[in-house]
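Letter by letter, the chains look like this.
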Amino acid sequence: MTRTTNARLAGFTFLAYITTGIASMLLFGQAAAGAHAAAKLASIANHVTAVRVSAVLTLLTFFEAVVLAVTLFTLTRDEDLDLAILAMCCRVGEGVLGAMSAVTTMQLLPVAAASATSAAPDTAAATVLGASLLDPSGASATIGGTCFAVGSTLFAYLWLGLVASVLLVVALPVQLAGFLPASLAWLIWMPMLAFEVTLALWLLVKGVAVPSRQRSGRD
């Protein structure tokens, strides 16, 4: 594909990735409504279809992450091939860990059913397991986010800017260690959201210029 095609595909995929991820989270949040784990599991048991659709959307983000990995690699490899490969690997790893989140979502369905129908001891055990699976600061999501942040930082270094990506690189391991307040968990993603939406629109409208070394080779 040409650089223009890769740029437009990357821009479209950025927007699709953001939309798919937000839609999945909102849908799952509605299906898992409740003040505590038992209430959330009871709600999940009553909204099986919504949970399944949320899992499908989460799985879709795997393919979007891989498309971004390949297209951004293509657009930045002429700047520094080694860093571009490393960034691509990080974003593929992010996609794989994201797909594992879809597995976790599906695992909640039998746990929710057991919580709603089992005898008291089994219900308590199902609730404990469900609480673990529902933990929003779980290792899979945070490690996947760290892979995203590192990959994004490398691509940004090769391309545009660093501030939003570096913020995540620093903050997500702190969150994984348990030192980041829950109230800040969403705020640290806002600069990256603004960066990626702006970048996506730029790629769709403007594309990318040919690297100076390629232009020199054509002269």
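Residues numbered from 1 in each chain as written. Predicted model: local features only at pLDDT ≥ 70, side-chain atom pairs only at ≥ 80, totals over all residues. Heavy atoms only, no water.

### What to know about the overall build of the protein chain
Step number 1: Scanning the protein chain from N- to C-terminus turns up nine helices and zero strands.
Step number 2: Counting helices and strands in the order they occur from the N terminus, the protein chain gives α-α-α-α-α-α-α-α-α.
Step number 3: Counting across all 219 residues of the protein chain, residues that qualify as buried make up 40%.
Step number 4: Of the roughly 11400 Å² of accessible surface on the protein chain, 71% is carried by carbon and sulfur atoms. (Helix = DSSP H or I, 4+ residues; strand = E, 2+ residues; numbered from the N terminus. Buried < 20%, exposed > 50% of the residue type's maximum accessible area, 1.4 Å probe, protein only. Areas by Shrake-Rupley, 256 points an atom, 1.4 Å probe, with all protein chains shown as cover.)

### Things to note about the packing of helix H3 (residues 48–76) against helix H4 (residues 81–117)
Step number 1: Remark: H3 packs on H4, axes separated minimally by 9 Å, with the N-to-C direction vectors making an angle of 175 degrees. With respect to each other, H3 and H4 are oriented roughly antiparallel.
Step number 2: Its residues assigned to classes, the contact of H3 with H4 comprises 21 nonpolar, six polar and three charged. (Axes fitted to C-alpha atoms, helices over the stretch in contact; angles between N-to-C directions. Parallel < 35°, antiparallel > 145°, perpendicular 65-115°, else oblique. Nonpolar A, V, L, I, M, F, W, Y, C, P; charged D, E, K, R; others polar.)

### Quick look at the packing of helix H2 (residues 37–46) against H4
Step number 1: Two elements in contact, H2 and H4, have axes whose closest approach is 8 Å; the angle formed by their N-to-C orientations is 110 degrees. One way to sum up the angle between H2 and H4 is to call them roughly perpendicular. For the pair H2 and H4, the contacting residues are Leu41, Ile44 and Ala45 in the first and Leu108, Leu109, Val111, Ala112, Ser115 and Ala116 in the second.
Step number 2: When its residues are assigned to classes, the contact of H2 with H4 shows eight nonpolar, one polar and no charged. (Contact = heavy atoms within 4.5 Å.)

### A look at the nonpolar core
Step number 1: Within the largest apolar cluster, 14 residues are counted, with the highest numbers of intra-cluster contacts made by Ala10, Phe14, Leu68, Leu72 and Leu203.
Step number 2: Breaking this core down by element, the ones donating at least two residues are helix H1 (3–31), H3, helix H6 (139–158) and helix H8 (190–205).
Step number 3: Beyond its immediate chain neighbours, meaning those up to four positions away, Leu68 contacts Ala10, Thr13, Phe14, Tyr17, Phe73 and Arg91.
Step number 4: Residues Ala31, Ala32, Leu108 and Ala112 belong to the second largest nonpolar core, which totals 13 residues. (Core = buried A, V, L, I, M, F, W, Y, C linked by side-chain atoms within 4.5 Å.)

### What to know about the packing of aromatic side chains
The geometry of an aromatic ring pair comes down to the distance between the two centres and the angle between the two planes.
Step number 1: Within the structure shown, the criterion is met by one aromatic pair.
Step number 2: Measuring from centroid to centroid gives 5.0 Å for Phe62 and Phe63, while their planes differ by 75 degrees, and the two rings are edge-to-face.
Step number 3: Under the relative-accessibility criterion, Phe63 is labelled partly exposed at 48%. (Phe/Tyr/Trp six-rings, centres within 6.5 Å; stacked < 30°, edge-to-face > 60°.)

### Section: the confidence of the model for the protein chain
Step number 1: Here the protein chain averages 79 in pLDDT, while 79% of its residues score no lower than 70.
Step number 2: H3 holds the highest mean pLDDT among the elements of the protein chain, 93, whereas helix H9 (residues 212–218) holds the lowest, 50. (pLDDT = per-residue confidence, 0-100.)

### Quick word on the environment of Leu75
Step number 1: Mapped onto the secondary structure, Leu75 falls in helix H3.
Step number 2: When the C-alpha positions of Leu75 and Thr2 are compared, they lie 9.8 Å apart, and in sequence the two are 73 residues distant.

### Regarding the side chain of Thr13
Step number 1: Note that Thr13 resides in helix H1.
Step number 2: Beyond its immediate sequence surroundings of up to four residues, Thr13 is in contact with Glu64, Val67 and Leu68.

### Observations regarding the pattern of salt bridges
Step number 1: In the structure shown here, the tally under the stated rule is one salt bridge.
Step number 2: For the salt bridge of Arg91 with Glu94, the shortest nitrogen-to-oxygen distance reads 2.9 Å. You can see Arg91 and its partner Glu94 sitting in helix H4, three residues apart, about one turn around the helix.
Step number 3: For Arg91, a relative accessible area of 1% gives the class buried. (Salt bridge = Lys/Arg side-chain N within 4 Å of Asp/Glu carboxyl O.)

### Side note on the side chain of Thr20
Step number 1: In this structure, Thr20 sits in helix H1.
Step number 2: Within polar-contact distance, the side chain of Thr20 engages the side chain of Glu64 at 2.9 Å.
Step number 3: Among residues more than four places away in sequence, those in contact with Thr20 are Leu57, Leu60, Thr61 and Glu64. (Polar contact = N/O pair within 3.5 Å; in protein donor to acceptor, adjacent residues only side chain to side chain.)

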